[in-house]
Amino acid sequence: MSNDKVASVADIQVSVVTDYIAQQSIEAEQQFVFSYTITVTNNSAETVQLLSRYWLITDANGDSSTVTGEGVIGQQPFIKTDQSFTYSSGCVLKSPLGNMQGHYQMRTNSAELIQVEIPVFRLAKPNILN
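These figures come from a predicted structure and were not determined experimentally.

Let us look at the sheet that holds strand 2 (residues 32-42). Judged by pairing direction, the sheet is antiparallel, and its 3 strands sit side by side in the order 1-2-6 without closing on themselves. Every interior strand has two partners, whereas the edge strands, strand 1 (12-20) and strand 6 (83-93), have only one. Adjacent strand axes in the sheet meet at a mean angle of 20° when their direction is disregarded. Here strand 2 runs beside strand 6; their pairing, made up of 11 bridges, is antiparallel. Bridge pairing in strand 6 places Phe34 opposite Cys91.

Right under this line is the structure:
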């Protein structure tokens, strides 16, 4: 019998860095473009595979949309113990301020499915909040 602990949600950390893309934004047309870079770190004793994503995106007008799909950026990466996977993506909002939140569905080497929450993070044009 193995003493290895199975990956749990607490063993997977998600960190986010956001950026406002002024060159691609057209304020007069209410098109505000943001990028986000996410790092998923596996602190568990097992390799995990990121199978799918779910996003809830809300702008300052209260409009929201959801995005679901397999993997991220066309990949379903395997993340080994004590390693990280980083990727960048983006979204367009109709306001200079909004937020995103969601979760990843992952599978461990032992075929356990786990849902890893992605905490709410803000998308904001610089100086919009003073």
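To continue, consider the nonpolar core. The biggest cluster of nonpolar side chains holds 26 residues, and the ones touching the most others in it are Ile38, Val40, Trp55, Met100, Tyr104 and Met106. At the level of elements, strand 1, strand 2, strand 3 (48-59), strand 6, strand 7 (97-108) and strand 8 (113-124) are the ones that each hand at least two residues to this core. When neighbours within four sequence positions are excluded, Met100 is seen to be in contact with Tyr36, Trp55, Leu56, Ile57, Cys91, Pro119, Val120, Phe121 and Leu123.

Turning our eyes to something else, we now look at the confidence of the model for the protein. Mean pLDDT for the protein: 91, with 92% of residues reaching 70 or above. Element-level mean pLDDT values for the protein span from 94 in strand 8 up to 98 in strand 5 (residues 78-79). Here residues 1-6 scores under 50 on pLDDT; set against residues more than four positions off or in separate chains, the count is 7 contacts.

Procedures and definitions
Residues numbered from 1 in each chain as written. Predicted model: local features only at pLDDT ≥ 70, side-chain atom pairs only at ≥ 80, totals over all residues. Heavy atoms only, no water. Pairing = 2+ DSSP bridges. Helix = DSSP H or I, 4+ residues; strand = E, 2+ residues; numbered from the N terminus. Axes fitted to C-alpha atoms, helices over the stretch in contact; angles between N-to-C directions. Core = buried A, V, L, I, M, F, W, Y, C linked by side-chain atoms within 4.5 Å. Buried < 20%, exposed > 50% of the residue type's maximum accessible area, 1.4 Å probe, protein only. Contact = heavy atoms within 4.5 Å. pLDDT = per-residue confidence, 0-100.

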